[in-house]
Amino acid sequence: MNKNIAIDGPAGSGKSTIAKIIGERLNLMYINTGAMYRAITLKALRENISYTSVDKLEKLIEGTELYFEDDQLFMDGENISQEIILPETSNNVSNYAAVPKVRRMLVKKMQDMAKKFDVIMDGRDIGTVVLKDAEFKFFLSASAEERANRRFNEYKNNGVEVDYNELLEDIKRRDHIDSTRETDPLAKADDAIEIDSTKLTIDEVVEKIMNYVNK
Ligand code: CDP
């Protein structure tokens, strides 16, 4: 089996930042599974396909090529990494990600990637579903307010104007949909190590994880 690390947690808990750094340090391919759900959401929105049209979504996913190169996600050859983080996709992604068929198809793609490469994968159900046998599992948490704050700064640094309260509402709404959906809800795996990052810097979280991995 390949070497792999699973990192789960809610929106803004720092998963992707941390996973990227750990991936570089340990020479693991970083796979941002949220970006994959976002990509499918973006394509469905572009093609006016609702999350209730399951057959159309199935065809859409079948006809979509997704691959990562240098932490950037390409969909059908187009680098969509910037577009998928904009509010329009963020506001819709949890509805598409709650569709069981969509999950089954994307989980299969993720597992295929993990068979081919040593990976560090972040998401909501990596430790519980996608990589149940991962060598290391971490669950990152932080208060909703701190998570909204981080998102706010991220957008600001990218020159995107957003309202803090709207971000907080979006985060709370997504937390709710993600943790109450029937298929593979956001949850800490029994054997995952939980790290509350509310009061920790990125470096402190990275060090904590590296300590476990190097033990
Ligand atoms: O970066 P952020 O935490 O805002 O979200 P993300 O990791 O990009 O994931 C976006 C959305 O995709 C989440 O709110 C979930 O609805 C969904 N998702 C999921 O259901 N399962 C995953 N493994 C990853 C993401």
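Look a little higher up for the structure.
Attention here is on the structure that accompanies the text. Residue numbers here run from 1 along each chain, matching the order of that chain's written sequence. This being a predicted model, a pLDDT of at least 70 is required before a residue's local features are given, and a value of 80 or more before pairs of side-chain atoms are given or counted; all residues contribute to the totals for chains, interfaces and linings. Values shown for side chains rest on all heavy atoms present in the structure; no hydrogens or waters enter the calculation.

Below, the discussion takes up the site of the ligand. Near the ligand there are 19 residues, and of these Arg38, Arg103, Arg151, Arg174 and Asp178 occur at the shortest range. Here a polar contact is recorded for every N or O atom pair within 3.5 Å, except that within protein the pair must consist of a potential hydrogen donor and a potential acceptor, and residues adjacent in sequence are included only if both atoms are side-chain atoms. A distance of 2.8 Å separates a nitrogen atom of the ligand from a polar atom in the side chain of Asp125. Considering the ligand on its own, with 530 Å² of exposed area, one finds that the protein chains cover 96% of that surface. Sorting the residues of the shell around the ligand by element identifies helix H2 (33–46), helix H4 (87–97) and helix H8 (164–180) as the ones contributing at least two each. The secondary structure listing takes helices from DSSP runs of H or I that are at least 4 residues long and strands from runs of E that are at least 2 residues long, numbered from the N terminus. If you tally residues by element for the shell around the ligand, the top one is H2, at four residues. Along the lines of polarity and charge, the residues of the shell around the ligand split into five nonpolar, five polar and nine charged. Definition of nearness: a residue and a molecule or strand are near each other if at least one heavy atom of the residue lies within 4 Å of the molecule or strand. Residue burial considers only the protein chains on display, and all accessible areas are found by Shrake-Rupley using a 1.4 Å probe. Following the grouping adopted for this structure description, the nonpolar residues are Ala, Val, Leu, Ile, Met, Phe, Trp, Tyr, Cys and Pro, the charged ones are Asp, Glu, Lys and Arg, and the polar ones are all others, Gly among them.

Quick look at the pattern of salt bridges now. Counted as salt bridges are all cases of a side-chain nitrogen of Lys or Arg within 4 Å of a carboxyl oxygen of Asp or Glu. Overall, the coordinates contain 18 salt bridges when judged by the stated rule. For the salt bridge of Glu135 with Lys3, the shortest nitrogen-to-oxygen distance reads 3.8 Å. Remark: Lys3 occurs in the segment before strand E1 (4–8) and Glu135 occurs in the loop between helix H6 (126–130) and strand E7 (136–141); sequence separation between them is 132 residues. What makes Glu135 partly exposed here is its relative accessible area of 47%. We note a salt bridge from Arg150 to Glu146, for which the minimum N-O separation is 3.0 Å. Taken as a pair, Arg150 and Glu146 lie in helix H7 (residues 144–157) at a separation of four residues, close to a single helical turn. Note on exposure labels: buried denotes an accessible area under 20% of the residue type's maximum, exposed denotes more than 50%, and partly exposed covers the range between, all computed with a 1.4 Å probe on protein chains only.

Here H7 spans 20 Å end to end across 14 residues, near enough to the 20 Å set by a 1.5 Å rise per residue. Taken together, the buried positions of H7 are occupied by Ala144, Arg147, Ala148, Arg151 and Tyr155. Down the axis of H7, the sector holding all buried residues measures 100°, keeping them to one side. Across from the buried face of H7, at angles greater than 90 degrees, the exposed residues are Lys156 and Asn157. Packing partners of the buried residues in H7 comprise H4 and H8. Where H7 terminates, the next one or two residues include Gly159, which has phi positive at roughly 75°. In this scheme, a helix's expected span is set at 1.5 Å multiplied by one less than its residue total. This arc describes the spread of directions from the helix axis toward the C-beta atoms. The contact criterion used is simple: two residues touch if any of their non-hydrogen atoms lie within 4.5 Å.

Time to look at unusual backbone geometry. You will see that Asn27, though not glycine, has its phi angle at about 60°, which is positive. For Asn27, the position within the fold is in the loop between helix H1 (15–26) and strand E2 (29–32).

The next subject is the sheet that holds strand E5 (residues 78–79). Spatially, three strands are ordered E3-E4-E5 in an open sheet, and the strand pairing comes out antiparallel. The outermost strands of the open sheet, each flanked by one partner alone, are strand E3 (66–69) and E5. For strand E4 (residues 72–75) and E5, the ladder comprises two bridges, and the chain directions are antiparallel. Bridge pairing links Met75 to Glu78 in E5. Only the stretch in contact is used when a helix axis is fitted, and all axes are lines through C-alpha atoms; the angle between N-to-C directions ranges over 0 to 180 degrees. Across the sheet, H2 is in contact with E3, E4 and E5; its angle to E4 comes to roughly 35°. In short, DSSP must find at least two bridges between two strands for them to pair.

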